[in-house]
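# Structural overview
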Amino acid sequence: MISKATIDTVFETARVEEVIGDFVQLKRAGSNFKGLSPFSDERSPSFMVSPVKQIWKDFSTGKGGNSVAFLMEHEHFTYPEAIRYLAKKYNIEIEETEQTEQEKANTDVRESMYLVSEFAKSYFHKTLLDSEEGKAIGLSYFKERGFTNDTIKKFSLGYSPETWDAFTKEALGKGYKLEFLESTGLTIAREDRPFDRFKNRVMFPIQSMSGRVLGFGGRILSNDKKAAKYLNSPESDIYHKSKVLYGIFQAKQAIAKQNNCFLVEGYTDVIQFNQSGIENVVASSGTALTPDQIRLINRLTKNITVLFDGDAAGLRASVRGIDLILEEGMNVKVCTFPDGEDPDSFAKKTSYDDLVAYLENNAKDFIQFKASLLMNEAKNDPIKKADLIRDMVLSISKIPDRIQREIYVQECSRIMDISEQVLVSTLAQLIQKDAVGAGKKQKQDQGQKSFEVIKNENPQTIEKIDVLGNVEREIIRILLLYGNRTENFEEILMKSNGEGEIIEVSEFKELKVFQKIFLSLQEDEVEFASPIFRSIYEDLIKYYLQNENSGIEKYINHLQSGVPQEVTTIMMEDEKYVLHDWIGQNIFPKTIEETLNQGVSDTLFTLRWFLISEIIENLKNEMSNEPGSDNMESLSMVMSYIELRGKFSKKLGRVVVRYH
């Protein structure tokens with residue numbers, strides 16, 4: 001178990017913008033950062049990171065929290081895994097306390113699968129470098145490919161021995177359970193005789209963006225024609241090949257820095273490019289490119305350069321992937337290599353400067369690439385040329401941005417020597433067709449939803465504004481943002497004027513905001529109606545009493561389970577103005593910070609106004625339910641409360657108070 005001292009050091013050291021910046025391309029937006037949501041498919045940024053508050057908020061899904069919460073949400077880390085990841089990132093030594101048997105028993109299944117996979121990576125890598133068989137077979141193969149020791153270490157390349165159960169035996173001997181060896185696909189269990197899936201193969205660990213081992217690719221080195229040349233881990237709870245890109249862990253920072261991602265097909269393409277000095281490269285690992293893989297890149301850059309070898313059949317099949325990239329609103333270029341060359345072989349024999357120059361000079365816009373590729377097939381056949389033009393316009397129709405579509409129409413018109421008007425007309429037809437199809441689906445969905453609404457509709461139910469909930473929420477917001485701020489608050493005291501009259505006298509008293517709120521609610525014996533707001537309020541008051549001279553960061557870092565999203569939603573409300581660039585549009589929303597003491601007082605008066613209104617209504621209901629009884633005492637109480645409410649209304653400067 002990780003010690004509390006280590007956890008505190010991790011929280012004090014980790015910067016939320018740095019942690020999230022490893023996974024999402026962030027752009028400066030005032031004092032904050034914004035980017036595309038890593039949790040939803042979107043083209044306009046709704047993801048905000050606040051370096052000042054050290055929290056993030058995804059307005060598209062409602063998720064939010066601190067750096068640990070992000071890792072747990074995005075990478076599906078357990079809490080200890082997230083702490084270990086951050087400790088490793090910031091070179092913090094982890095102090096351990098001994099786990100109880102109960103804590104060991106509660107280890108998560110997915111975590112166990114990750115631990116098994118991490119062990120396998122280490123085992124295969126060690127076998128490659130230290131065993132005679134590994135050095136003679138596996139290491140020799142990698143050396144023939146031209147890979148250096150540093151490259152082999154960087155990608156944790158390995159070797160699985162030819163013995164049927166070498167890895168499985170070692171893993172079981174180290175205490176790893178067979179069920180997890182089997183669920184990760186590393187071991188195949190048949191009739192109580194488990195054996196290794198990747199026997200006699202060089203191993204390529206497949207890692208997530210954070211570096212966790214999800215699965216493996218294994219290449220056979222024997223001449224066994226019955227065995228597949230490449231074998232991947234099967235789908236599992238931690239490995240979904242359609243959502244993974246090989247090399248993304250090593251490439252993520254270079255992709256964000258270069259603002260471009262090179263997309264190749266194989267493991268060795270990625271590795272050879274890295275060794276040549278070009279690190280912003282990933283591979284789809286032999287699978288057809290998927291939207292999930294494209295979105296993974298989209299978090300880091302809007303630009304993809306697809307690298308193809310000179311195989312014509314492969315090129316034609318890969319064109320479909322380009323349309324998927326366009327559909328995600330990304331910019332795509334294509335670069336091909338000479339016949340007989342692939343990214344691996346070309347990078348191996350080309351210097352860094354020459355390789356960079358080749359990529360820059362030969363990367364074509366997708367429209368130029370598609371035209372040159374398909375024109376060879378069409379030759380002088382007018383019907384084939386017409387089909388080619390429709391194919392190109394179909395690709396253009398996938399682009400969400402209208403301005404980009406128009407530019408590409410102009411480019412297509414120039415290349416294909418055809419009028420823009422014809423292309424625009426064809427494009428409009430395709431877009432209309434897609435819109436009609438989408439409209440039909442939407443109507444079907446809406447029809448189903450409408451039916452469900454009608455079926456479940458209760459005509460008696462009228463949604464009411466939750467005034468009390470909104471006021472309680474505002475109090476929590478004030479405590480989170482300004483709880484330790486010192487302000488001068490107006491106090492109303494009842495004093496004698498020396499002539500036998502009792503009058504109201506205003507005095508100003510210096511208090512911290514949390515003290516003002518706490519004393520006011522204590523005086524009125526008010527308890528929060530919302531359980532979650534009550535829990536946050538009690539935690540905040542306790543925190544401020546113990547940390548009067550500290551900011552809110554320490555509280556945020558140790559939020560209870562279930563509370564973080566509510567807290568970050570409240571704290572990041574003002575960031576919506578930044579997200580939508582209200583100031584850039586000359587809209588300047590007034591904030592409570594400008595008149596904090598008045599804002600706090602108004603909020604407390606509003607709460608009192610509402611609670612008194614509730615008391616008045618309850619008394620009236622009691623009186624109406626007992627028409628024959630003497631209600632003079634109740635009536636007197638009602639009049640007194642109405643008079644008191646009138647004073648609050650006067651203080652607030654309004655008769656009716658509503659919080660939206």
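Source: prediction; values computed, not measured. (Residues numbered from 1 in each chain as written. Predicted model: local features only at pLDDT ≥ 70, side-chain atom pairs only at ≥ 80, totals over all residues. Heavy atoms only, no water.)

## Structural notes on the environment of I7
For I7, the location among the structural elements is in helix α1 (residues 4-13). Measuring from C-alpha to C-alpha, the distance between I7 and I83 comes to 6.7 Å, with 76 residues separating the pair along the chain. (Helix = DSSP H or I, 4+ residues; strand = E, 2+ residues; numbered from the N terminus.)

## Some points on the confidence of the model for the protein chain
With 80% of its residues at a pLDDT of at least 70, the protein chain reaches an overall mean of 81. Between the elements of the protein chain, mean pLDDT differs from a low of 56, seen in helix α5 (residues 101-105), to a high of 97, seen in strand β6 (residues 158-160). Between residues 449-464, whose pLDDT stays under 50, and residues either more than four places distant or in other chains, the model counts zero contacts. Of the regions scoring below 50 in pLDDT, residues 654-660 engages in 16 contacts with residues more than four places distant in sequence or in other chains. (pLDDT = per-residue confidence, 0-100. Contact = heavy atoms within 4.5 Å.)

## Here we look at the pattern of salt bridges
For side chains of opposite charge, pairing can occur when their charged atoms come near one another. One pass over the full model with this rule turns up 17 salt bridges. Salt-bridge contacts for K126 lead to D130; the nearest nitrogen and oxygen are separated by 3.7 Å. In this pair, K126 and D130 are both assigned in helix α6 (residues 109-130), four residues apart and thus about one turn of the helix distant. Accessibility expressed as a relative area gives 53% for K126, which makes it exposed. The exposure class assigned to D130 is partly exposed, which follows from its relative accessible area of 47%. (Salt bridge = Lys/Arg side-chain N within 4 Å of Asp/Glu carboxyl O. Buried < 20%, exposed > 50% of the residue type's maximum accessible area, 1.4 Å probe, protein only.)

## Observations concerning the sheet that holds β6
With respect to topology, four strands assemble into an open sheet ordered β6-β9-β10-β11, the strand pairing being antiparallel. The sheet is open, and its two borders are formed by β6 and β11 (230-232), each paired with just one other strand. Pairwise comparison of adjacent strand axes, ignoring direction, gives a mean angle of 35° for this sheet. The sheet strands contacting helix α12 (residues 267-276) are β9 (201-207), β10 (213-220) and β11, and the helix crosses β9 at an angle near 75°. (Pairing = 2+ DSSP bridges. Axes fitted to C-alpha atoms, helices over the stretch in contact; angles between N-to-C directions.)

## What about the nonpolar core?
Within the largest apolar cluster, 68 residues are counted, with the highest numbers of intra-cluster contacts made by I20, W56, F70, L71, L86, V282 and F366. The residues touching L86, leaving out its near neighbours within four places in the chain, are V10, A14, V19, S67, V68 and L71. The next biggest cluster of nonpolar side chains, apart from the first, holds 51 residues, and it includes M203, I238, F346 and A347. (Core = buried A, V, L, I, M, F, W, Y, C linked by side-chain atoms within 4.5 Å.)

## Some details on the environment of S236
Inspection of the secondary structure puts S236 in the loop between β11 and α11 (248-258). Excluding residues that lie within four positions of it along the chain, S236 makes contacts with M113 and S183.

## As for the environment of I541
Within the fold, I541 resides in helix α23 (residues 531-546). Placed 24 residues apart in sequence, I541 and I517 show a C-alpha to C-alpha distance of 9.4 Å.

## Side note on the side chain of K516
Along the chain, K516 falls in helix α22 (residues 513-523). With a relative accessible area of 10%, K516 lands in the buried category. If sequence neighbours within four positions are ignored, K516 has contacts with F489, E490, E491, L511, V600, S601 and L604.

## Examining the sheet that holds strand β1 (residues 27-29)
Overall, antiparallel pairing links the five strands, which are arranged β1-β2-β3-β4-β5 in an open sheet. Every interior strand has two partners, whereas the edge strands, β1 and β5 (64-65), have only one. Sheet topology note: the strand β3 (residues 47-50)/strand β4 (residues 55-58) ladder contains four bridges and is antiparallel. Bridged to S50 within β4 is I55.

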